[in-house]
Amino acid sequence: MANSSVEQTAQSEHDIRATDSICINESQKQHKWYYNLKYLVVGLLFGVLFVKAEVISWFRIQEMFRLQSFHMYGIIGSAVLVGMISVWLIKRYRIKTISGEAITFTDKKFNKGQIYGGLLFGLGWGLTGACPGPLFAQIGMGATVVIVTLISAVAGTWVYGRFRDQLPH
Amino acid sequence: MLEIIKQPWPWYVAGPLIGLTVPALLILGNKSFGISSSLRHVCAMCVPAKIPFFQYDWKKELWNMFFVLGIFLGGMIAVTFLANTEPVQLNPSLVKELSIYGVTDFSSLVPVELVSWNKLLTLPGLIMMVGGGFLVGFGARYAGGCTSGHAIMGLATLQWPSLVATVCFMIGGFVMANWILPFILMM
């Protein structure tokens, strides 16, 4: 009895996280907090890339949406291609994580949010010239006013969470 | 060598390296590449307010916060040690169009004449920084992901809902940049 209620909680926890379709991969192993530092290193390299490839440039994003430059299309296209090949290789050779766990993938479910939310996100992207990743890099670059944009993005996330049930999905 | 690194990196170098983030995160700990979920974790951590969407064990997602902290530090390092010596080389027609709105400073990656503390309390400044940020955060969560989670991770794993989201991101951006932004810049 007690066991099944624990299971139920675990199930609803999984559901809540899966609605985001991102934060569902769980590690069964309990690691110390500093194991997370490896993600900080990946993020750091990623941030350097963002700056060096001018991905976080407002101007580059404007060029992209005006079809005035191939730069961003080349970046996104080649990133997707490399990601695709990597995922195929991981699945094909059943590559495991460095701690020996299986790598898992969860299918995303379609809902109308991908259309409505996608369009709203696009409008915001065209305005700020930055999706969430570049916001962090821009602040690091010294554009401190972008902290306001970031806080506003957190507020947008919160408002979505608050009114989620009333929105069409 | 350092001279080469200091140049802006071409797309065919940067794009594949960004793509490698996908297997890197998977192999390091079975993590799906995604950035906007960090905003959700901030909500869950700081202001969950009993909202079901924020009731989950955010401690399990701390890796994501380390990841975005890394992006922040990466921005800092790149600009301090590896900064481009030249301003961004833009399409001349964009330069011409922006000059109509008084945007002529291309020295930074952000348009300093539009995005700065001085401009924050002007109408275009509020729309761009506060309004734009809100749309990014709200839209990304509504869509279930942003450019990283849908356009890169989602397409790389052949998820058709991610293709729908990516197409909608682009439509929204096209509409904003071509038809709405000019009016905002004229304010």
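As recorded in an unreviewed UniProt entry, chain B goes by the name YeeE/YedE family protein, listed as coming from Dyadobacter sediminis. You can read under Sequence similarities (unreviewed entry) in the UniProt record for chain B the words "Belongs to the TsuA/YedE (TC 9.B.102) family." Taken from UniProt, the Subcellular location (unreviewed entry) comment for chain B reads in full: "Cell inner membrane".

Chain A is annotated in an unreviewed UniProt entry as Transporter of Dyadobacter sediminis.

A.B. asks: Help me out: how do you make sense of the UniProt feature "transmembrane region" (unreviewed entry) in chain B in this one?
C.D. replies: Residues and elements named next belong to chain B. According to UniProt, the "transmembrane region" (unreviewed entry) feature falls on residues 12-30, 62-83, 121-143 and 163-185. Split by type, residues 121-143 is 91% helix and 0% strand. Its first and last C-alpha atoms lie 29 Å apart. In the segment residues 163-185, helix accounts for 100% and strand for 0%; the C-alpha atoms at its two ends are 31 Å apart.

A.B. asks: Quick question: what am I supposed to make of the domain arrangement of chain B here?
C.D. replies: Accessible area lost when the parts come together is the quantity often used to give the size of an interface. All names here are of chain B. Looking at chain B, the domain boundaries give domain 1 (1-83) and domain 2 (116-186). Relative to domain 2, the C-alpha centre of domain 1 lies at a distance of 18 Å. Taken residue by residue, the interface counts 12 residues in domain 1 and nine residues in domain 2. When domain 1 packs against domain 2, the two sides together hide about 780 Å² of surface, and 77% of this comes from carbon and sulfur. For the interface between domain 1 and domain 2, the tally reads zero salt bridges. Viewed at the interface, domain 2 and domain 1 are joined by two residue pairs in polar contact (both at pLDDT 80 or more).

Reading guide: rules and limits
Residues numbered from 1 in each chain as written. Chains lettered and ligands numbered in written order. Predicted model: local features only at pLDDT ≥ 70, side-chain atom pairs only at ≥ 80, totals over all residues. Heavy atoms only, no water. UniProt positions renumbered as here; feature names shortened; annotations may be inferred. Helix = DSSP H or I, 4+ residues; strand = E, 2+ residues; numbered from the N terminus. Domains from an automatic or database assignment. Contact = heavy atoms within 4.5 Å. Buried area = accessible area lost by both parts, 1.4 Å probe. Salt bridge = Lys/Arg side-chain N within 4 Å of Asp/Glu carboxyl O. Polar contact = N/O pair within 3.5 Å; in protein donor to acceptor, adjacent residues only side chain to side chain.

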